[in-house]
Each structure stands twice: as structure tokens, then as C-alpha cells.
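Listed below, chain by chain, are the residues.
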Amino acid sequence: MRDSLLAVALTAVAVVVRADEAKPVFERDVRPVLRAACFHCHGEDEELAGGLDLRLRRLMVTGGESGSAIDPGDPDSSYLLDRIRSGEMPPEGAGHVSEEDVATIERWIAAGAPTLRPEPEKIGRGLLITAEDRSWWSFQPVERPAVPRVQRPELVATPIDAFLLAKLEAEGLSFSSPAERRTLIRRLSFSLRGLPPSPEEVAAFEADTSPAAWERLVDRFLASPAYGERWGRHWLDVAGYADSEGVVEADVQRKWAWKYRDWVVNALNDDMPYDQFVREQLAGDELLGRPPSELTEDEVARLTATGFLRTAPDGTASGGLDPGVARNQVVADTIEIVGSSLLGMTVQCAQCHEHRYDPIPQADYYALRAVFEPALDWKAWKTPPQRLVSLETEADRSRAAEIEAEAKQIEAKRSEQQAKAIEAVFQRELAKLPDDEREAASTARKTEAKKRTDEQKALLRKYPSLNVSAGSLYLYDKKAADALKKLADQAAAVRRRKPRTQFVRALVEPAGHAPSTFLFHRGDHEQPKEKVQPAGLTVLRTSDSSPIPADDPSLDSTGRRLAFANHLVSGRHPLVARVVVNRLWRHHFGRGLVATPGDFGRLGERPTHPELLDWFADELVRSGWSLKHLHRRILLSSAYQQSSTRTVEQRTADPENTLLGGFRMQRLEAEVLRDSLLALSGRINRKPFGPPIPVMADRVGQWVIGKENLNAGRPGAVIPMKGEEFRRSIYVEARRSRPLAVLEVFDLPRMEPHCNARSSSTVAPQSLLLVNGPFVVEASAALAKRVTAEAGDADADRVRLAWRLVYSRDPRDEELAVATAFLAEQTADLATRAGEKDAPATQALASLCQVLLGSNEFLYVD
Amino acid sequence: MNRPNRSTRRHFLASHAASLTGLAMASVIRDEGLRAAPSKPALETPTFDTRPKEPHHEPRARAMISLWMQGGPSHHDLFDPKPEMAKYDGQPFPGEIKYDNAAQASSKVFASPWRFAKHGKCGTEISELLPHTAGIVDDITLIRSMHTGVNNHGQSIRALQTGRILAGRATVGSWLVYGLGTESRDLPAFMALVDPGQLPVLGVENWSNGWLPAIYQGTVVRPTEPRILNLDAPAHLQGTPQRRSLDLLESLNARHLSDHPGELDLQARMASYDLAARMQSAAKEALDVSRETKATQSMYGLDESATRDYGTRCLIARRLVERGVRFVQVYTANQLWDSHGSIRSRLPAACTKVDKPAAALVRDLEARGLLDSTVVHWGGEMGRLPVVQNDTGPKKIGRDHNTYGFSSWVAGGGFKRGHVHGATDEWGHKAVEDPVGHADYHATLLHLFGVEHDRLVYERGSREMTLTDGQDCRVVEGLIESV
């Protein structure tokens, strides 16, 4: 079926007809309308409703049970139009045909219902991919366009500027003036490190007037380990990273997921080429080429990368759910994550039926599923605990055995000493007995308890102090007991040296496992239909053969994911590079060249600068897939270095700033806000990596950082976190049911199953948190303490330092006056209510700091 | 909260927006500014606020409480008796049916196992599962002909909450606040009272402002105390010190805004600080149900464990509209009403949770003279099918989705009292008599608020957005009480 469908589509491409632009034609103007509203029942479903197929003009003329659907040349006697006009079709809810579209259909029929080209003789079941479908912008090969000429070439710092400027100039606009240096370093620091620049960094940059200063700064920040933490978070959103399984209320923790998080941070810091980044995440296990044991560090990293395919919410070990439903949901979510993160397509919409808007037949969805089926086989399922791969090596095991032997030796020595000590005590106690009873008592003790005679038992009862044992030895001989305890501790200490077994939460395809994949009728796994072979999207195929083998004989595994990954990063895939460069663009400029980063299809937005997108995508491939290279291209551009203040003319001509004639203001993201408060108050703990910092409920049920210590279900004593509570947010446990309160209120996304683009809301709970929230109040107090320590006693100096820390600039004269007056009044007021320990001046300074931290100038990057 | 030092802010408001009081700012600017000089677009980006706006005509309703029954309450078993179906119970259904879950589908007719009786002066028939609702039939209009026509939760929820089945649009509450503002200066105009269990299907989308400016977003009230976090100022800052801080903050923000003209988000954040400051005292008081009498509390079921949660939230909803909040939605837990299986046990449990509180709310509003100006809505995104789902024994059976015909009830704000509107076919499958689609419902609702659905417009780039979005719909006169 698939092949015939493809053949039909290919023949259709071969015929190129120029259409008369004014007259509606079927393929271009009418078919998309009918496809969205009618094809489901009249063409794509197994049974044609009313026997009518609307997918081809000739089939409409043939008609169904009610006769011909159209009468070419005569709209008024065309049954199709009659039914649509009367509102009977499409049925309520199935879709809507706008008046404009009805008029188009009418004109088309009146014009004799022309088609662009002869229609195929045969038509298979399902969605027919037409030449019009194939001509969609995002399916076209990436071609490096020439860099346009502009009127003011002096404004062009990198080719990006030329593309942007050409469009601005066409509207009579240009870039805004360059931003101030302190604005630039602040912008760059938040963008690349997710933290504010220090006052020293700002001063040094302002003082460095050499032309290369900016480039040096860009390179320095790109090389900072904070870069991977900042940009890793962006990728983890797309990948749907979480430290828990979700689905059910228990929301079980994923103990080893963090290794994947660390892998992402490291990969970005190392500027791992994006092709390798994709390949390892999709097929790290297949890259090993062998079962995962005795792994080198590199191999562990590759295996860890497959954590990307293990991020979906997963209820399969949670109980209480239908296993078939739960497992297939994990598979579906994983496909959704892969589809939108790498392909920028909503492939998941083709799970139950043909995609309504994009040329993705339902069979394509299952062909994609077939790529993953051998490793994500719902009939041979690995539950979350089963998919942990132990990293223990043979060397680890023999080391452990050696250590165990060493411990055993100590323990043997201890047993011997213990026996001696007990015997010594016994002899001492025995000596206290009358002469005539000693021997009998000694014999009684040596006799096994069960075999003792009544006399012997009576004798031992008579002298209870004879019953010295390992447990009671310390009562007789504290010194000997202490020595024994020391030996036991020694043995335990030796055992602690054993290598602790580490695990990764990985996707490992079993050797020789190639289950069949079936198309599920209406997405229902209990209704499997025809078998489907692994493949990429049909609409992108240029040859008849699939780039993905059903089973690669050179590998133990099927090789499907590896081939799929290679296909994606071949440099010729039209979506993959465009999708990632668009995401990169979006994070720097607050909006993508395509505003819908996860949907490059018909329901997504069109690119504002298609040539620039292509140039940039090509640049990625040419640079050897270096993301840091792309960052430099953006960051060194004039566009990035413009001011965010646009003139009235610019705002009028381009209200949404789509032409980028000015930098776009952006609110700090949740994690950046929290991390910056920690950094400014001097408390941040920059320790990277490792198991997540736990999240617990505080006494009012808010999710805060802390080790859960429940007492009869209620929070018990608070366990000290020893500075771990001040670590960067990327290391805080991402438990789906426990979003950290301070992050959640600032739009932390829920991973259900992942997040393509965060929202940025402005609501009263955010203001309440900034005004009254303990986290902000504490951060302000710590910031005040720091300011006091560094700036000394004069209010003016304190104000200056606070401004430099929070705003990266000096206060203006009037600000200095207002702020010092504020401190004086606030101090006087607080003094009237102060307790003995309070220092009103420090509290006043803390309240000033809190005002700065809650102000728009801090909360937004301009 | 008193603010001695407001000169900067006053200046800002006067120069931008303070003098504008028409319906929704964007349309004012379009009407006044652009009509005068059509070739030249407005130089100032519109500003947005939630101050009260004049409606198009005299309103009947001023506030609304929507009791959102997510999952699809089974109308066959609650509101829409079909006694004739008993004869065919267990036999094959004679017509076409669209199932959501084909895997568990069966065509056996499933007559309701529960009894119906006539109630009130109007004689509306209500199921024995809703004894308290039966007691308020003379105050409500029961719509037996709701339909949205899209057979899954997400899309049908969107249809009813946002007007269209597509994601990303603004919810009804956001539209009302955008169009009419709010009479409360101290509380958010749109409040979402979520269930202590899981959020309903689509989660935060249910109170999303979509592409409307962020100030029209619903504010979530937590299901347990503290219902709004961070309401209390730190002890040492309470009173004058915090007020001084907020004044300084406002002047810093005003200066910053003047350097960044036209940034809507900066304006919205300034407004949200204002609101936050006023909420500190007002919200605490409004959310404190312990200020209600014992009699009121027990009327809402606060003294029974089954009804305590939903009753408390209904009571809070009443307190909020009393204080001028425009729109409150009270959610049931995720899929509470989605009776695919075990309907014989699950449905009665769901009814017990909400029946008494919902009826109490209507009685209480009526007793306080608020029902005439407050719309109460009770309903979900769909109903159920007339046939069995999951045919694996009487205890396990349920009903699948049906969005072609289902029931909701509305009361107050100009809706008829003691009335039944519309009907489904003989099987309770499709709305056949006086059908009310989601867009009809929205048009009627806005009409009662004094707003014409096609004239409440938001300009999004070059597009004009409305709640009903050009769908074929009408104000359903049959639902409206004549004056």
C-alpha cells in the first residue's frame, strides 16, 4: 500500500503545469479545504460515508449514493455545494467551511472544476500526498541564499545583519542605535550564563574600549561552565526532562535520570557537534555496537545520552493502570517529543488518523514508531526499574572482592579476640566461686545449653555473672569491648571503600529483537492493522527506498535508530537544522524566525525571514554543526547589540517587532530569576552535577528545597541542607508533582510530556512572592548583608553598590537622593519597632534591596 | 492600602488611559482614533486595565460562577429521562453511534438504572442522584440540548471554555474581564478555584488569557490553606515600611517604563503590584469562610466530609462575587464525571460531592438578592452515550463520550426560572429540539452581560478576534426571562 501511494505521489510531482493564478484549481485552492473538513469520512476512512470519495475531482464527478457531487460548470446543481451551503455538511464539529472557502468552491465549479494536472488512475486508501503538499516551505531543501545588499553596509557586522537590514530598509526602517555597554554585558550574561554580571565585570568591560572587547567577552562567557547550565535547561525543556515518572499521584522518583541532565550540560559546554548530539541521544546504545558491559567513560556517556528517549511520563511500573494503555502512552509521548524537538512537526496528530493539515499519513506515524519499536516494544516492555543499566565493571567486582576479603580478615581477628576476652572474663568470674563448685561450673558452661543437666542449669542460675557473652562483655571489660568495637568499625570502613555501583537510565535495544509494527486503527493498540516498515516522513522522501533498514546485519541491534539519526543529521534533511537554529535564535531574541518552534507545519507560523533561516541552517552544517559558532554569529551581529528602545516610527510600522529593528525585552525565566537572587546575595553554591537537590512540602504545603522528614504525615524537623539549597536551579529535583514554588509561579513548564516554548505570564501571585515570599525576603537580607560588608557604613556607598549589583549600573543623582532618603525614613520607622537583636539600618537596606529585586529593571533584560 | 505618594503613577494613568472608559481599550482606540484618521495608525500602543467598562446595553448579569463538571456528567442518569429506553435495555441500538473508545464499545442500549421524578412547581424531572438539585428546579433553566460535536475532552473543553476547539484562545472569564473589567479593586477579576486532586483536563488552559493581555488571566486559588500564598507581609515590614517600599518600587517602575514606552508587560506588572498590595487584606477576608454562620456553613455541606471541599469552594465563590469579582470557576477533579466504567458506583459518588453545595449556592445567592445579577452555570464538556461501554458485568459497565447532545443547567443573571429548554432524541443521543451549541451559549451569556458577541473584539495584529469567532450562532431568546 505504501509503495503504491508513494509511486502515485512521485508521478504527480513529475508533471509540472503552470496554473492560471486567477482561477481556482483543485489541488491548490479546493483540496486543502475539503481535506481539513471532509476527507476524514469521504476518502480516508475505511468506509466511505455515503460511498462518496472527495479526494479527486473525477471521484467527485462519479459521486456516491446520492449521485454526482459536482456538476462541473454548474455550481447550483452541484450536490456538494448544496450540502455545504445548507450547513448540513460538514456535520457539527467535524470542521467548518468559511464563506470565503464556499465561494472559492463555487467559482471553481463554475470554471469547470479545473485541475492542475491529470489525476492519477489509481488511488490507494488514505492520504494522497500531492505536489502542493511537497512544496510547503519547510520541506524544501535548505539552500544557502546569497547575502543581500543593503543601503547601509556599515551596519552589517555579520551576514545576519544584512538579511535583517534588507527587510527593515524595504520598510524604510533600520536598526535602533547600539545599546550601552552595561546593557550589553548584562544582556549577554543573562543570555549565556543565566546570571547577572558582577560589578567588576561590568566595570572592566566599560573600561575596555578596544574593538575586540565585545568578541573577547562573548568568547569568555561561551567558555564559562555556566553556559552549559543555562543552555542545557533550554534543551531539557524540549526533551521533557524530569526526575520523576509522573502519570499517577505517587509520582515515583527517577533515581538516575540526572546523569542524562549532566550529559546535556557537558555536551553543550564541550560544544559537541549537533549531529553527534542527536546521534548519541537517539542511538547511543547502537553506537556502542555491543551489549553494555565493561564500558569506557566515553561509552558510558553515549549510553547516558539515550536518556533522551526515557523522559516521557511513565506509569508502567506504577500499578493500577492498564499495562497496554500505559505502555503505548509512553511510546506515543516519546514519538511526540522526538517529532517536535527534532523535526518541528506535530507527527503525534497522525496517531489516530491522517494528519488533518500536514501531509503526514497515519502510516508515517507508525513508520516512525517502527524506528523505535525494537527498543520500545510494548509487548516486551522494560519498566522504569528494569531499564537501569549497571555500570559495574569486572574490575569493580574484583576490587569489591578484594576489599571484602580484607574486611573478613579484620572480622576474623575480631572474633578471635572476642572469644579470648570472653574466656578471660569467665575465668575471672569462675575464680570468685567456692573451690568445690568451680570445676562443675566450668563443665556446665562448656556443655551445650540443651544437653545440660538440671544440676548444671541450677548451678549457672546460681552464679549469673558466669553468663558472660558477646553482648554482655562490655559490662565486665569495657576496654576489651571498645577494642572489639574498633575492629568492627575498621571492617565497616574497609567495606565502605567498595566501589558504589552506578546506574544509568538508558534505552538499550536487545540484540536480535525486531518485533513487527502495525498501524493501529484509530490509534487503538488493540486494533492492529497492516504491518509497517521503519521510515522517515514520506513527504521528504526523494527516492523510493527508505534510508532506514528493517535490520542492519552489521549490528546486534536492528540499527533502525542509528540509521534514522544519520538520516536526520546527514546535512540534507530540510527540517532538522532549521528547527535547531530557530530555537537558538528564539532564546537570544525572544521570538523565533518561526514563532512556533515545535510546529513548522501548516498550523505553525511562517518564517519572518525565510532566507535568513536557511542561511543560518546552512551555516550550522558548514561549521561542522557547532552551536557555539552559531552563538558567535548572533552575538557579534549588530542586530543583537541594538538598543531595546525603538522609536515611535518603528513601533508604529512594526508593532510586534517582527523585523527586529530593536532588541526585544524579555522577562527573566524562572530559573534565571532564582539563580540570580542567589548569586546577588552572595550565597550561590556553584557546585555542578550529581543527584538532584530534593524538594519537599513546607508546613503550609508549598514546595521548597529540603529533605522530606515526615512525622505521621506532617513535616517534622527541618534537616540542614548544608549549602545545597543554594545550588543552581537546574540541579533542583524536577519532580513533576512538586514544582518548586518560587519557580512555578514564574512559569516553570509542566513536562506533560515536554515543553516547546515557555509562556511568560504577569500575575498577582508573582508580585506577592516578590513582596512577601520568604525566599525573596531572605535573599534581600543576604544581599543587604553583603552590601554592608563590601560598601561600608555610608548610605550613599551602599546604594551605589546595590545599584551596581542589581542593575549593573550606577544610580542617577536623583535615584541616589531618593534611595538615601528612603533608607533614612525606613530606618527611623523600623527603629521604633525594633527588638534588641534587630539592626534597623540593615533591615532598611534589606527592604531597599528587595525593592530593586522586584523592580522591572531587574526582572527584564533589555 | 493608602498611598500618599502617587503622583508618578497618576501622571502615567492620565497620559495613557485614565480618561478612557469605553468597552475594552483596543476597540476604543480603533473606533475613536482610527476612524478619525484612518490612514495613520495609532501612535501609542493601547494600554489595558481591569477598571469597569460600559457594556453595549443594559446588562442583566454582573457576575458569574461556573461550576465546571469536567469529564462529562451522564445526562441520561441525571437530567434527561428516557423511560422508553427501558424496553430496549440490553438490546442492540438501532442507529449510528460514534464512539471515542472503540476498543470497549458495545451497541447494547443502556437504560438508566436510576429513577426520575417531577419536582417543584415547574415539574422538571430530575434523577434521584441529585436530591438537592431537585429542590432548586424552580430557580434554574435546565438545558437538555447542549452540544459541541467534538468527541473528546480536550477539544470539547476548549469549545465551551474558549469558543473554539483549537488551543491557545482566551477563556470566557478572560473575555468577560477584558470587556467589562471588574467592580472589585482589591481582588483578581477572574478566579479559578481548583480541586485538591489533579487539575482538570487541559490544566491551566482552563483559565488562560490566550492571546489577550496577561492581566486577563485567571488567578488560581489553592485548594487548601493558605489559599493564596504570600499574602502576609514579613512581620517587621507590616504597615508603613512596606507601603514605603511599594511607593519606591512604583516610582522606579514608572521611570523604567518611560524609558521603554509601549511595553505592555511592564505595565501589566505594575498593575499586578497594585493588585497584590490590595489583595493582602482583601483576599484574606474574602477567602475566610469561618466568618460565615454555622447555618450557612452547614447548608453548603461544610460539616460533612463528602461535601466539605466542594462546599467550601462554592461558599468562597459566593463571597468573591459579593465583593465584585467578575468571574469565578469552581472545578471538579480531573475526569470526575468521565464514567467510562463502573458508572453505578462512580456516578453517585461524584453527585454526592457537588449536589448539595451547588444547590446551596443557588439558594444562598437568591436569599441574598444576588441571583438576579449572578449567573450560575453547572455543566461539563459533554454527556454520555445511550449504550453500554465496557460490557464486562453490571458493576463495571459505563458510558462513552457524547457531545452531540447533553445537559447543563444555568440560573440567575436573566436566565429563565423553572424552565426546561430543548430536548435530545428519543435515545438521548443527539440534541434535536432547540439545540444550543457552545457558540449559542456564549452569545447568550455575553448578551446577558450586556455585550454583543460579535462586537466584543480584540485586535491581534491585523486580525480581529471574538469569543464566537464568526461561528454561526445566535442569542437563544428561549433561555432568557422576559423583563
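Residues numbered from 1 in each chain as written. Chains lettered and ligands numbered in written order. Predicted model: local features only at pLDDT ≥ 70, side-chain atom pairs only at ≥ 80, totals over all residues.

Chemist: What am I meant to see in the overall build of chain B here?
Modeler: Summing up its helical and strand segments, chain B has 12 helices and 19 strands in all. Buried positions account for 55% of the 483 residues belonging to chain B. Pairs at least 24 residues apart make up 77% of the contacts formed inside chain B by residues separated by at least 6 positions. (Helix = DSSP H or I, 4+ residues; strand = E, 2+ residues; numbered from the N terminus. Buried ≥ 20, exposed ≤ 12 C-beta atoms within 10 Å, placed from the backbone. Contact = placed C-beta atoms within 7 Å.)

Chemist: Just to check I follow, could you spell out the nonpolar core for this structure?
Modeler: Looking at soluble globular proteins, one finds that nonpolar side chains tend to be buried together. In terms of nonpolar packing, the biggest core is built from 312 residues, with Val581(A), Leu620(A), Ala802(A), Cys849(A), Leu193(B), Ala317(B) and Val328(B) touching the most fellow members. Within the second largest apolar cluster, 21 residues are counted, among which are Leu34(A), Phe39(A), Leu52(A) and Ile109(A). (Core = buried A, V, L, I, M, F, W, Y, C linked by C-beta atoms within 7 Å.)

Chemist: I would appreciate a short explanation of helix H13 (residues 258–269) of chain A in the present structure.
Modeler: All names here are of chain A. The end-to-end C-alpha separation of H13 is 17 Å, in line with the 16 Å expected for 12 residues at 1.5 Å each. With respect to burial, H13 is a largely interior element, 10 of its 12 residues being buried. Buried within H13 we find Trp258, Lys259, Tyr260, Arg261, Trp263, Val264, Val265, Ala267, Leu268 and Asn269. Tucked into the core, H13 has its buried residues touching helix H12 (225–239), helix H14 (274–288), helix H15 (297–305) and strand S2 (503–505). Positive phi appears at Asp271, one or two residues downstream of H13, with a value of about 50 degrees. (Expected span 1.5 Å × (residues − 1).)

Chemist: Any chance you could explain the interface of chain A and chain B here in plain terms?
Modeler: Note: interface size is frequently given as the accessible area lost on complex formation between the parts. Counting from both sides, the interface comprises 49 residues of chain A and, opposite them, 48 residues of chain B. For the side of chain A that touches chain B, the secondary-structure elements that each account for two or more residues are helix H27 (648–653), helix H30 (764–772), helix H33 (813–833), helix H34 (840–853) and helix H35 (856–859) of chain A.

Chemist: I tried to follow the confidence of the model for chain B on my own but got confused; where do I start?
Modeler: Detailed reading of the predicted coordinates is not advisable wherever pLDDT falls low. Residues and elements named next belong to chain B. Looking at chain B, pLDDT values average 86 and 89% of them are 70 or higher. In this model residues 1–45 is a low-confidence stretch, pLDDT under 50, and it forms 55 contacts with partners more than four residues away in sequence or in other chains. Taken over the whole predicted complex, pTM reads 0.73, whereas the ipTM for its chain interfaces reads 0.79. (pLDDT = per-residue confidence, 0-100.)

Chemist: Would you mind showing me how to read the packing of helix H7 (residues 240–259) of chain B against helix H8 (residues 264–286) of chain B here?
Modeler: Helix-helix packing: each pair is described by the crossing angle between the helix axes and the interaxial distance. All names here are of chain B. Two elements in contact, H7 and H8, have axes separated by 10 Å at closest approach and are oriented at 170 degrees. Between H7 and H8, the angle is such that the two are roughly antiparallel. Crossing hand, H7 versus H8: left-handed. On H8, the residues touching Leu246, Leu249, Glu250, Asn253, His256 and Leu257 of H7 are Leu266, Gln267, Met270, Tyr273 and Ala277. For the contact of H7 with H8, the class distribution of residues is 7 nonpolar, 3 polar and 1 charged. (Axes fitted to C-alpha atoms, helices over the stretch in contact; angles between N-to-C directions. Parallel < 35°, antiparallel > 145°, perpendicular 65-115°, else oblique. Left-handed = near helix turned anticlockwise from the far one by under 90°. Nonpolar A, V, L, I, M, F, W, Y, C, P; charged D, E, K, R; others polar.)

Chemist: Can you help me understand the packing of helix H8 (residues 159–170) of chain A against helix H25 (residues 610–622) of chain A in this one?
Modeler: Residues and elements named next belong to chain A. Contact geometry of H8 with H25 gives a least axis separation of 9 Å together with a crossing angle of 170 degrees. The angle between the axes of H8 and H25 places the two elements in the roughly antiparallel class. In contact with Pro159, Ile160, Phe163 and Leu164 of H8, H25 contributes Glu611, Leu612 and Trp615. A per-class count over the contact of H8 with H25 returns 6 nonpolar, no polar and 1 charged.

Chemist: Would you take a moment to explain the environment of Asn390(B) for this structure?
Modeler: Residue and element names in this part refer to chain B. Relative to the assigned elements, Asn390 resides in the loop between strand S11 (387–389) and strand S12 (401–402). Note on Asn390: 19 C-beta atoms within 10 Å, which makes it partly exposed. Along the backbone, Asn390 and Gln104 are 286 residues apart, and their C-alpha atoms lie at a distance of 4.8 Å. Once you skip the residues sitting within four places of it in the chain, Asn390 turns out to touch Gln104, His340, Gly341, Lys396, Ile397 and Gly398.

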